[in-house]
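# Fold and contact review
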Amino acid sequence: MGKRNYLIEGVSGTGKTSVAEELQRRGYHVLHGDRELKYRGDPKTGEPVNEPVHESERDKAVWQQEHHLWDIDKVKSVISDHSKAISFFCGGSRNFSKFIDLLDGVFVLEVYDLDTLYRRLDERVGRDPTDWGGKPEERELVARLHRTKEDIPSSGIVIDATQPLVSVVDEILNHVQA
């Protein structure tokens, strides 16, 4: 069997990290994009950039979101390494359009109500106060992205991420093995 590669995306708070950890627990090869692949870069060129001084916290949240990129060379390296049967790339990337065509599939985690997203962000920030999503400006951005879907792939298989985590992962694996 040739190597297969899948992206698991979604708005902040939909459960990408939890899904990644459950997939790893089950023995799958997972790349935590927000930990292992991310950097701040120019969304058009991909060139690394330093974060500027921002006029406001809102400007800072928007800038960080727009410049949250993944290292394309690392993504391509994993895709070309056929030592694993399946790899899952989990997390958010604003430059997914640069590598999405190299993948075998995309899953978009969806939480349909904003209250659930806010509750999940509160839980996450409760565990780590430095985690993204605790500031009002970050929550405002999450609400906008949840409403517009502007920063997630439009061609993915939508997974209802309000289900129990085990069910979410089972559904993803059913699609992968079909």
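A brief report on the enclosed structure follows.

### Some thoughts on the overall build of the protein
Secondary structure assignment for the protein yields seven helices and seven strands. Going residue by residue from the N terminus, the α and β elements of the protein occur as β-α-β-α-β-α-β-α-β-β-α-α-β-α. Computed over C-alpha atoms, the radius of gyration of the protein comes to 16 Å, within 12% of the 16 Å expected from 2.2 N^0.38 for 178 residues, which places it in the range of a compact globule. Dimensions of the protein, computed from C-alpha atoms along their principal axes, come out at roughly 50 × 35 × 30 Å. Burial statistics for the protein: of 178 residues in total, 46% are counted as buried.

### Considerations on the sheet that holds strand S7 (residues 157-160)
The parallel open sheet is built from five strands, whose spatial order is S2-S5-S1-S6-S7. In this open sheet, the two strands that pair with only one neighbour each are strand S2 (29-32) and S7. Neighbour to neighbour, the strand axes of the sheet diverge by 25° on average, direction disregarded. In terms of strand pairing, strand S1 (residues 4-10) meets strand S5 (residues 86-90) through five bridges, oriented parallel. Looking across to S5, one finds that Ile 8 is bridged to Cys 90. In this fold helix H1 (residues 16-25) packs onto S1, S2, S5 and strand S6 (105-110), with an angle of close to 155° to the strand it touches most, S2.

### Section: the pairing of S1
Burial analysis of S1 places seven of its seven residues in the buried class, which makes it a mostly covered element. Residues Arg 4, Tyr 6, Ile 8 and Gly 10 of S1 are buried on one face, and the alternating residues Asn 5, Leu 7 and Glu 9, pointing to the opposite face, are buried as well. Relative to S6, S1 is paired through five bridges, and the arrangement is parallel. Along S6, the bridge assignment pairs Gly 10 with Leu 109.

### Here we look at the side chain of His 68
Mapped onto the secondary structure, His 68 falls in strand S4 (residues 68-70). A polar contact is formed between the side chain of His 68 and the side chain of Asp 34, at a distance of 3.0 Å. In this view, His 68 contacts Asp 34, Lys 38, Tyr 39, Arg 40, Gly 92, Ser 93 and Arg 94; residues no more than four positions away in its chain are not counted.

### Examining unusual backbone geometry
Phi at Lys 149 takes a positive value of approximately 60°, unusual for a residue other than glycine. Relative to the helices and strands, Lys 149 is located in the loop between helix H6 (136-148) and S7.

### Some points on the environment of Ser 93
Tracing the chain through its elements places Ser 93 in the loop between S5 and S6. Sequence separation between Ser 93 and His 67 is 26 residues; the distance between their C-alpha atoms is 8.9 Å. A distance of 3.5 Å separates the side chain of Ser 93 from the backbone nitrogen of Phe 96, its partner in a polar contact.

### A short note on the nonpolar core
Membership of the largest hydrophobic core comes to 43 residues, with the highest contact counts inside it found for Ile 8, Leu 23, Phe 88, Phe 89 and Ile 172. By residue number, the principal contributor to this core is helix H7 (residues 165-177), which donates five residues. Among residues more than four places away in sequence, those in contact with Leu 23 are Ile 8, Tyr 28, Val 30, Phe 88, Cys 90, Val 169 and Leu 173.

### Things to note about the packing of aromatic side chains
For the coordinates displayed, the defined rule picks out four aromatic pairs. Seen from their ring centres, Tyr 28 and Phe 88 are 5.7 Å apart, and the 80° between their planes marks the pair as edge-to-face. Highlighted residues: Tyr 28 in the loop between H1 and S2 and Phe 88 in strand S5, separated in sequence by 60 residues. The class for Phe 88 is buried, based on a relative accessible area of 0%. Note on Trp 70 and Phe 99: the rings are 5.6 Å apart at their centroids and 5° apart in plane angle, and the pair reads as stacked. Highlighted residues: Trp 70 in strand S4 and Phe 99 in the loop between S5 and S6, separated in sequence by 29 residues. For Trp 70, a relative accessible area of 0% corresponds to the buried category. Take Phe 99: its relative accessible area is 0%, and that puts it in the buried class. These aromatic residues form a ring-pair network of at least three members: Tyr 6, Tyr 28, Phe 88 and Phe 107.

Parameters and conventions
Residues numbered from 1 in each chain as written. Predicted model: local features only at pLDDT ≥ 70, side-chain atom pairs only at ≥ 80, totals over all residues. Heavy atoms only, no water. Helix = DSSP H or I, 4+ residues; strand = E, 2+ residues; numbered from the N terminus. Rg over C-alpha atoms; globule rule 2.2 N^0.38 Å. Buried < 20%, exposed > 50% of the residue type's maximum accessible area, 1.4 Å probe, protein only. Pairing = 2+ DSSP bridges. Axes fitted to C-alpha atoms, helices over the stretch in contact; angles between N-to-C directions. Contact = heavy atoms within 4.5 Å. Polar contact = N/O pair within 3.5 Å; in protein donor to acceptor, adjacent residues only side chain to side chain. Core = buried A, V, L, I, M, F, W, Y, C linked by side-chain atoms within 4.5 Å. Phe/Tyr/Trp six-rings, centres within 6.5 Å; stacked < 30°, edge-to-face > 60°.

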